[in-house]
Structure formats: C-alpha cells, structure tokens
Amino acid sequence: MTGFGIKGHLGILRAVIGREFLRFVHQRERFIAALVRPLVWLLVFAAGFRAALGLSIIPPYQTYITYETYIVPGLCGMILLFNGMQSSLSLVYDREMGSMRLLLTSPFPRWWLLFSRLLGSTAISILQVYTFLAVAAGFGITMPPMGYVAALPALALAGLMLGALGLVLSSFIRQLENFAGVMNFVIFPMFFLSSALYPLWKMAESSELLHDICAANPFTHAVELIRFALYLQLNLPALGWVSLSVAVLMGAAVWGYDPARGLMKRKT
Amino acid sequence: MTDGLRVEGLSFNYGAKQALDNVGFAVPPGRFCALLGPNGAGKSTLVSLLTRLLVAPGGDIHVAGQDMRQHPRRALAALGVVFQQSTLDLDLTVRQNLAYFAALHGLPRAQVPARIDAALDRLGMRERADEKARALNGGHRRRTELARALLHDPRVLLLDEPTVGLDVESRMAITAQVHDLARTDGLCVLWTTHLTDEVRDEDQLLVLHKGQIIADGQTGEIRGDMPLSDWFLAKTKVPA
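About the cut-offs
- Residues numbered from 1 in each chain as written.
- Chains lettered and ligands numbered in written order.
- Predicted model: local features only at pLDDT ≥ 70, side-chain atom pairs only at ≥ 80, totals over all residues.
- Heavy atoms only, no water.
- Helix = DSSP H or I, 4+ residues; strand = E, 2+ residues; numbered from the N terminus.
- Contact = heavy atoms within 4.5 Å.
- Areas by Shrake-Rupley, 256 points an atom, 1.4 Å probe, with all protein chains shown as cover.
- Polar contact = N/O pair within 3.5 Å; in protein donor to acceptor, adjacent residues only side chain to side chain.
- Phe/Tyr/Trp six-rings, centres within 6.5 Å; stacked < 30°, edge-to-face > 60°.
- Buried < 20%, exposed > 50% of the residue type's maximum accessible area, 1.4 Å probe, protein only.
- Pairing = 2+ DSSP bridges.
- Domains from an automatic or database assignment.
- Buried area = accessible area lost by both parts, 1.4 Å probe.
- Core = buried A, V, L, I, M, F, W, Y, C linked by side-chain atoms within 4.5 Å.

**Here's the deal with the overall build of chain A**
A count of helices and strands for chain A gives 11 helices and zero strands. Listed N to C, the secondary structure of chain A is α-α-α-α-α-α-α-α-α-α-α in terms of helices and strands. Of the contacts made within chain A by residues no fewer than 6 positions apart, 78% connect residues no fewer than 24 positions apart. Accessible surface, chain A: about 11300 Å² in total, of which carbon and sulfur atoms supply 71%.

**Examining the side chain of H140 of chain B**
Residue and element names in this part refer to chain B. In this fold, H140 is placed in helix 5 (residues 138–150). Reaching out from H140, the side chain makes a polar contact with the side chain of R143 at a distance of 3.2 Å. Each residue touching H140, except ones within four places of it in the same chain, is listed here: M125 and R128.

**Comments concerning the packing of aromatic side chains**
The relation between two aromatic rings is expressed through the spacing of the ring centres and the mutual angle of the planes. All names here are of chain A. Taken as a whole and assessed by the stated rule, the structure comprises 11 aromatic pairs over all chains. Measuring from ring centre to ring centre gives 6.1 Å for W41 and F192, while their planes differ by 50 degrees; the resulting arrangement is tilted. In this pair, W41 is assigned in helix 2 (residues 28–49) and F192 in helix 7 (residues 176–192), connecting sequence segments 151 residues apart. On the accessibility criterion, W41 (17% relative accessible area) is buried. For the ring pair F188 and F192, a centre distance of 6.3 Å and an interplane angle of 25 degrees mean the geometry is stacked. Highlighted residues: F188 and F192, both in helix 7, separated by four residues, approximately one helical turn. Among the residues examined, F192 registers a relative accessible area of 31% and is labelled partly exposed. An aromatic cluster of at least three residues, connected via ring pairs, comprises W41, F45, F188, F191, F192 and F219.

**Let's talk about unusual backbone geometry**
Residues and elements named next belong to chain B. Positive phi outside glycine occurs at N22, with the angle close to 50 degrees. Secondary-structure assignment places N22 in strand 2 (residues 17–27). N22 gets classed as exposed once you look at its relative accessible area, which sits at 53%. In this structure, K210 is a non-glycine residue whose phi angle is positive, near 50 degrees. On the secondary structure map, K210 appears in the loop between strand 9 (204–209) and strand 10 (212–218). Given a relative accessible area of 69%, K210 falls into the exposed group.

**So, the pairing of strand 2 of chain B**
Side-chain positions along a regular strand alternate between the two faces of the sheet. Summarising the sheet, strand 1 (residues 5–14) of chain B and strand 2 of chain B pair through seven bridges and their orientation is antiparallel. Looking across to strand 2 of chain B, one finds that N13 of chain B is bridged to Q18 of chain B.

**A look at the domain arrangement of chain B**
All names here are of chain B. Segmenting chain B into domains produces domain 1 (5–78 + 154–236) and domain 2 (90–153). Put simply, the middle of domain 1 and the middle of domain 2, counted by C-alpha atoms, are 24 Å apart. Contacts between the two partners involve 16 residues from domain 1, matched on the other side by 12 residues from domain 2. Carbon and sulfur atoms make up 65% of the area that domain 1 and domain 2 hide from each other, which totals about 1100 Å².

**Considerations on the interface of chain B and chain A**
Each partner contributes to the interface: chain B provides 33 residues, whereas chain A provides 34 residues. Of the roughly 3100 Å² buried between chain B and chain A, counting both surfaces, carbon and sulfur atoms make up 62%. For the pair chain B and chain A, the number of links is four residue pairs in polar contact (both at pLDDT 80 or more). Elements supplying a minimum of two residues to the side of chain B that touches chain A: strand 1, helix 2 (72–77) and helix 3 (94–104) of chain B. Here the side of chain B that touches chain A gets five residues from one element, more than from any other, and that element is helix 3 of chain B.

**Focus on the nonpolar core**
Ranked by internal contacts, the top residues of the largest apolar core, which has 152 residues, are F132 of chain A together with L5 of chain B. The element contributing the most residues to this core is helix 6 (residues 145–172) of chain A, with 14 residues. Of the domains in this structure, domain 1 (5–78 + 154–236) and domain 2 (90–153) of chain B are the two that each give at least three residues to this core. Among residues more than four places away in sequence, those in contact with F132 of chain A are L35, P38, L39, L42, V72, L75, C76 and I79 of chain A.

**Section: the environment of S116 of chain A**
Residues and elements named next belong to chain A. Within the secondary structure, S116 sits in helix 5 (residues 110–138). Relative accessible area serves as the criterion here: at 0%, S116 is assigned to the buried category. Linking S116 and G140, residues 24 residues apart in sequence, is a C-alpha distance of 36 Å. There is a polar contact of 2.8 Å between the side chain of S116 and the backbone oxygen of W112.

Structure below.
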C-alpha cells in the first residue's frame, strides 16, 4: 500500500520542497527582508567603504575591481547564511507548533526527511540569491554572464552547508528565545570573521590571529567558492572545505535528531 | 495478539527524573482505550515513545504486530496520530495538508485524490476541502487532522488529548466519531485524556499516574458504582 522505494523517497522530496515554496509564497515579507538586507550593504555600506578600503588585484579578479563588486559574493553568502538560520528558526517554530513532529513520524528514514527539508530551504535561498544578483546587475554590478550559471552548484553547496548548520543548531535549541542569542553568537561572528567584506590579506595586516580564524571559518570558504565560480573558476580547497563541512554538519544534524541518542531526548 | 497495540516493560528517564516506570498494556483491534492521567503523569512521554519521537532504552512497543525497535518504519506506517498541538499548516488548504501527509507516508500519487475524498467524506469535511486550514474553526481543524491520520489506513490510531481547546459540542462530536471508528472499522484506538466524561463504560481504561499504570480494565468494571471522576480522584488525589 505505501511505497518506500525510490518513488516514495522522491515523493517526499517533492512534497517537502513544494511545502517550502508554498510557505515562501505566503511569507512575502520574509522574501523582501532577505533582499533588503544585502542590498543595503551593497548600495549603502559599500558606497561608504569604497574610499576607505583599497583593494589590490587578487584571484579570481584579473583587474582592479570596485568594492561593490568585491562584496557581491559575500552578500550572496549572507543571504544563504541568514536563510539557513531562518530555516532553523522555522524548525524550532515548527517543532513547537507540531509540524516537525508530523515530519519526523513519517515512516521514511529520518536522514532523508531532514535532507529533503534542507534541500527545500536551500532551493528557496538560491532563488533569493539570484533575485539579489539581478537587482545588483540592475545597478550595474555585473559578473561574466556564464558566471551566473557556474555559481549555481557553488550556491547549492554553500546553501546546504549553512542549512545543515541551522539544522544542527535547531536540534540544540529548545525555545525561540534561546535562538535569538545563538543568532548573535553564530551569524555575526561567522559573517564578520570571513572574507565576505574584506580580503583575508587585509585582515592579516591587522591581526594574524584574526586572519587565522577567518581562514578556518567554513563561511570564508563558502564565499570564496561562490566568488571563484562567479568568475568561472574552481577553487578546489574551498570546494573541499565546504564539502567536508556539509558532510560533518549533516551527520551532526542526523545525530541531533536521532530519537535514541540525540538531543531531542532532552526536550520533546 | 498480533494486531492492535502492545507495550511491555517501558521505562524512560529525563536525566535523574523517571517519567515512565515499567509501563505495559495491550489494546486489541476494534477497541477504544482511554489513557487517563493527570497532568505530569507521563502521557506525553508515552506518546513520544509510541510515535518514535523518543526511543526508550528498554521495553517493547508493538504496533499492529510490528516491533517499533526492530521495524520502526513498518510500525510507524501502521500508526495514525493526532497530536495534542495542531500540526496543520494554516496557510495550506485542507486538501493540500492531506496531500502533504500522503507524500510523507509514500502513498501512490494516483491514489491520493480518491483517498483524500474518502477520508474527508468519512469525517463530513469534503465540502471544506479547498478552504485554508486557517479559515476552519477548532472542531473542523481537529476533524481535518483526524481525516489526515486515517489517510494511510492505519491499524492503530493514537490521539493525544485531541479535544483540548474545543467547545463541548465539538468535543462530544469528535469523541463519538472516534468511538464509531473503533467499532465499525475495527481500529485499535488509544485516546489520551484527563477528562473523564470522554470515557464510556464499555471502553478499556488505562490510568497512568506518576509514570505507572495503576489501573487497566473495562471502565464500567473499574469504577464500580462510583462516578469515574470520583473514582479517579480517589485513586490519584487529582481532580479530573
């Protein structure tokens, strides 16, 4: 009667992604907020900082670039980062409201349910990134045309990594109030201690320690993966780091949601 | 008994605090079993274990003959659940909510529309199929959740305080509908509650108190000549 084969697994994936899209359509404010945030950084912050921050020619760029151009990949990462966290916020909310329970009592493997949820939220994030890139292009900040295509797998991998991080956090957090604190301790350090807003060599000029922290930050590698992909180049070390992070974080998320060993035990 | 619900030697702790202590009972098919217990008795923990949101270190749960530990997917596939908190997506229509659930249970897509119609017909909700869940009143939301729980033809139906927040009329209607499901469809029903007026004399009664089953039998026989609420108060010292 019930199909647990490939068709059934794909059916879950389709249903979970479909539900994410419907939720997204019903939450237009969330979409606009997610777009306004990076645009403010791009059009206001970058304009103010342009003069203060001199950039040398660094890969993947082959000529001098404006600061606005430099921070576009970082702002793409910012969208993925905020959405990954927002998605886990909705997981905490879901669990409180009960619909996460509905998902977790499905007879399909839990890792597949969580992965479907992750893929659904990543798909929404990517949609927002491309909308942001389109608006940025409207303001004259463009990338090579094929770069937009090449960036898709990089965005997907980075989105999965940050979504998986959100899943791990949501398995630790019981209440929304605690989540706000974690946002401050996760989002801001991750974003500012990365190459999103300034190249790492700039950071090294100020502090070697901060530079090392930035270099170890997986978000730095996600941003660099996107940056190189937008210029049709593959940053292999970044790909390796991001892939490893996806695997580790996804494993931790599955562990966190395991009913026997994980952290759900403390709080269901 | 291979069908129905069977629980044996189930214990569970939250750290040093024991929530369930050697809980065991069996509910045969076609039986409405009320699990009565005051707040904090361990009902929610038991429901979490029965739905595999938690896994106990010891003890066994068999759903329709399927061991939850050995074959969790088969056991969950045979289980229909209505949680205490609403699990409807309020921005989706009734039909979309049910279709989402059908996918979560791997029902073949071609069968889904007919199954949804049949489930909604059963609960008198067909005409509301295209309304958003947000537009429904509490009673209709509960009926939608009940229809959804029946969509995959479960053998065991678990309802966790399903009447919380409903008015008296809706409460009685849902209670009667689930009694009918047990009688006419041969479903094994476990209904957790702390309200004695939802329990009939012919129902099986389980009383959970401080993590232990302190009574298991037919309600009429257990309560004797006393009203169930008085009997419950005498047993637990907690008014129902």
